[in-house]
Structure formats: C-alpha cells, structure tokens
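# Commentary on secondary and tertiary structure
Chain by chain, the residues run as shown.
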Amino acid sequence: MTTIKYRLYQPRLAPRRTKVEVPGWGGAKEPRQNGSHEQARHSLPFVEGAQYGIEIFYPYDNELRVSRRDGKFIFDGDFGPDPSTGASRPPFRAFGEGYYTYQLLLDLKVPEGLAVRTEPHPRFYLSDANDVPLAVPALLRTSWWPMINFVVFKAPPEGSVHVFRPGEPFMQLCIVPAEPDFVLEPMGEEEAAEREMQSRRIHASRETLGQDTRWVSATKTVFDGTYRRILGAARARDRAADD
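Reference entry: report on the structure contained in this document. Being a predicted model, the structure only gives us computed values, none of them experimental.

Conventions adopted
- Residues numbered from 1 in each chain as written.
- Predicted model: local features only at pLDDT ≥ 70, side-chain atom pairs only at ≥ 80, totals over all residues.
- Heavy atoms only, no water.
- Helix = DSSP H or I, 4+ residues; strand = E, 2+ residues; numbered from the N terminus.
- Expected span 1.5 Å × (residues − 1).
- Bend = angle between axes of the 7 residues up to and from the residue.
- Polar contact = N/O pair within 3.5 Å; in protein donor to acceptor, adjacent residues only side chain to side chain.
- Contact = heavy atoms within 4.5 Å.
- Patch = residues over 30% accessible without salt bridge, like charges linked within 9 Å, V, L, I, M, F, W, Y side chains within 5 Å.
- Areas by Shrake-Rupley, 256 points an atom, 1.4 Å probe, with all protein chains shown as cover.
- Salt bridge = Lys/Arg side-chain N within 4 Å of Asp/Glu carboxyl O.
- Buried < 20%, exposed > 50% of the residue type's maximum accessible area, 1.4 Å probe, protein only.
- 1 Å grid on protein atoms, 1.4 Å probe; cavity = no way out; pocket = protein on both sides within 12 Å on 5 of 7 lines; lining within 4 Å.
- Points joined across faces, edges and corners; volume = space filled by probe spheres on them.
- Nonpolar A, V, L, I, M, F, W, Y, C, P; charged D, E, K, R; others polar.

Next up on the list: helix α2 (residues 189–209). Relative to the 30 Å expected for 21 residues at 1.5 Å per residue, α2 spans 29 Å between its end C-alpha atoms, a close match to the ideal helical length. The largest bend along α2 measures about 30 degrees and falls at H203.

Moving on to the side chain of Q39. Following the sequence through the fold, Q39 ends up in the loop between β2 (16–17) and α1 (44–50). Of note is the side chain of Q39, whose polar atom sits 3.0 Å from the backbone nitrogen of A28. Setting aside its immediate chain neighbours within four residues, Q39 contacts G26, G27, A28 and E30.

Below, the discussion takes up a nonpolar patch on the surface. On the surface, a nonpolar cluster with roughly 310 Å² of combined accessible area is contributed by F95, Y99 and F150. With respect to the helices, strands and loops of the structure, F95 is situated in strand β6 (residues 92–95). Classification of F95 as partly exposed rests on a relative accessible area of 41%.

What follows is about the layout of surface pockets. For the largest pocket, the calculated volume is near 470 Å³. Considering the residues around the largest pocket, the lining is formed by 14 residues, among which T2, I4, R17, I54 and I175 are closest to the centre. Looking at the lining of the largest pocket, the elements that each hand over two or more residues are β2 and β14 (169–177). Residue contributions to the lining of the largest pocket peak at three residues, all from β14. Within the lining of the largest pocket, the residues separate by chemical class into ten nonpolar, two polar and two charged.

Read these as layout, nothing more, since geometry by itself doesn't imply function.
Shown next as structure tokens:
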C-alpha cells in the first residue's frame, strides 16, 4: 500500500479518501428494487471512480458564492478577520476572464514516480443545481515540489453561481503515475476474437449470474449485479494469489 503524507496550514480542509455520501450528494437511499429511481450509487463503476481520490472540504465558516456580472467576477462571502499568517485574503482571485483561483493551504507528498492530479469533486456530475465548483485538471509532481499551490476553477456562466459551503467537499485530488507510460495499439485478430468470445459468454450468463439481483427502475431501465459478481470473483482470485 502506498502512503501519501500531508501537512496542513488550514486543518479544516480535512483531506480524506472520498466517500459517496448517501443520503446526500450521492443520492437518496433507495434500494435496488423494482420501481426505485436509479441513483448514481447503484452504479459500481461510478462509486469506485468517485471514491478513487482524496476529497477536500471548504474550511471557512461562511458560504462563498462565485458569479460573474458584465464579465467581472463577484466573490460574495465573509472570511472573517485576517489571521496575519501571510496567506492571501481573500483566498480567491480572478484568473483571466474565464477562470478563478483558490489558494490551497495543503501540501501532499507522494513517492517518486507518482503525482497529484486536481479534478472536480464527483458531486459535480450529480448536482441538479449546477452550483458545484469546476476544478480544472492539473498535474503536480509533489515528490519534489513542497510549495503551497493555487487551484484553478472554471468560471460559472453569467447567470449561474458556484457555491462553496462550510464543511462541504469542493474538489478531489487523485494520485496517479507521474508519466503516462503506455502506448495505444489495436488488438490483433486472435486477441480481438478472444475478447469478443468473452463478451458473449458474459452476456449469455447474465440470466444466471444476475438473476437474483435483477430489478427494473422507475424509468424502465433494467439493472442486475453481473458486474458486481464478476468483480467479487476477480478480487477473491487476486487475494488467493497474494496468499
């Protein structure tokens, strides 16, 4: 297991492994059963993807609302008295016409060969209000870069608002290889045929693998636990190999 070390200038950032909050931004606590409205948490690939990183929480006592009017940013919020620490006050700044920044008082140290990638918090993809801040992707090689950084966010369109609420996660950090050490190439005929056969076998076995987990949502979408069952078997195989 890889250890990621951190130091905080603002403890209330409270970095932790991302959790899908249910009930909460992860959706309502609806069971997988006929007639339920489908929720993002019903999708295991989404849950695993959402929980892959580290979530960061807004550390101030008062809500901040970011909007634009006549092409200019409006940062509407109260940050309290200046703590005289040298940190930027307020910690938000316009960054050109289409972006704004936040001074992130957090240092994550990753091992050599890894890096930190900034991303939107996964609740961005689930919000009906479209008020979740949109962090811009950036790759930081923090094994040798201990500096405090600013994070860039895409500006909301005029008429919309981004809201930073006390104690609410506003972005995610993922730990990834520093270099994308892979190449992309088409499969050969034999390998492609093998994958096609594997796909057909899974499809043909769904009635068996997913029979007792099959349900139909309120929008008539059919779900079952085939993927979850195969994932569980793959993990058991991997654990047995490690033993």
